[in-house]
Every structure is written in C-alpha cells, then in structure tokens.
Amino acid sequence: MAGAVRDGQRSIVKRANILNSDGQPHPVQNILTIITLVLGLVSFALGMVIRNVHTGAAVIVIATATGLVSCLVGLYVQMVSATREQRVLIVTGIIAGFVGLALGLSKGGFVP
C-alpha cells in the first residue's frame, strides 16, 4: 500500500512485514523461517515425485537431505521464534520436510 487518501491529502501508511506482527524486526528468524518452509516444500514435492515415478538416486538423496535440513532448522527456529505467524510457517515447513524425508528414507535415503 503506497498510501491512503484522507480529506484530499495523502498520508503515508507504513506496511509492516507480515512475519513481524509484534512490531519488532526479527531478520534472522524470518530468514530461517522462510528457509524452513522452502526446503520443506521442496522435500515434499520431491518425495511425491519419487513415490509416484521411478527416479534416480540423486533425487532420492536430495529429497532426504532437504527434508532432514528442514526438520532440524525448523525445530531450532521453533524454539527461538517470536511471533505466531513465524510459528505457523515453521510448522508447515517441518511437516512437509518430514513427509519428504520419510518418503526419501523409504526408497533408501542417503544410500539408495
């Protein structure tokens, strides 16, 4: 939102970061939250691919590794998170990463 018009004058409305609902900046937690979510979703997507399609060993190892990293980073960030919005995305990333990790391990994990 660039600004709001009130009585013919334009006032500037500052839009806060959606993860900083408490008004305080948390750059490290925000970055780790996004990393957890993205790695979890990548692991989940690759897990679904290796579950439904015959793939090579590299895809299985990548799905397993990204799932493991997502779970470990997510558990740490969950302990130090400051806002509810961060926690929602963190848990989503952890769960998606766990599913991708489990599917990767079912096909051989790090040694397919």
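Up top you'll find the structure we're talking about.
Heads up: these notes are all about the structure in this document. (Residues numbered from 1 in each chain as written. Predicted model: local features only at pLDDT ≥ 70, side-chain atom pairs only at ≥ 80, totals over all residues. Heavy atoms only, no water.)

## Some remarks on a nonpolar patch on the surface
- A surface patch of nonpolar side chains, about 410 Å² in accessible area, is lined by L68, L72, F110 and V111.
- Tracing the chain through its elements places L68 in helix α2 (residues 57-80).
- Taking relative accessible area as the criterion, L68 reaches 33% and is therefore assigned partly exposed. (Patch = residues over 30% accessible without salt bridge, like charges linked within 9 Å, V, L, I, M, F, W, Y side chains within 5 Å. Areas by Shrake-Rupley, 256 points an atom, 1.4 Å probe, with all protein chains shown as cover. Salt bridge = Lys/Arg side-chain N within 4 Å of Asp/Glu carboxyl O. Helix = DSSP H or I, 4+ residues; strand = E, 2+ residues; numbered from the N terminus. Buried < 20%, exposed > 50% of the residue type's maximum accessible area, 1.4 Å probe, protein only.)

## Some words on the packing of helix α1 (residues 27-52) against α2
- Running from N to C, α1 and α2 cross one another at 150°; their axes reach a closest spacing of 8 Å. Comparing their axes, α2 and α1 come out roughly antiparallel. α1 and α2 meet at a crossing whose hand is left-handed.
- Here the residues of the contact of α1 with α2 are counted per class, giving 14 nonpolar, ten polar and no charged. (Axes fitted to C-alpha atoms, helices over the stretch in contact; angles between N-to-C directions. Parallel < 35°, antiparallel > 145°, perpendicular 65-115°, else oblique. Left-handed = near helix turned anticlockwise from the far one by under 90°. Nonpolar A, V, L, I, M, F, W, Y, C, P; charged D, E, K, R; others polar.)

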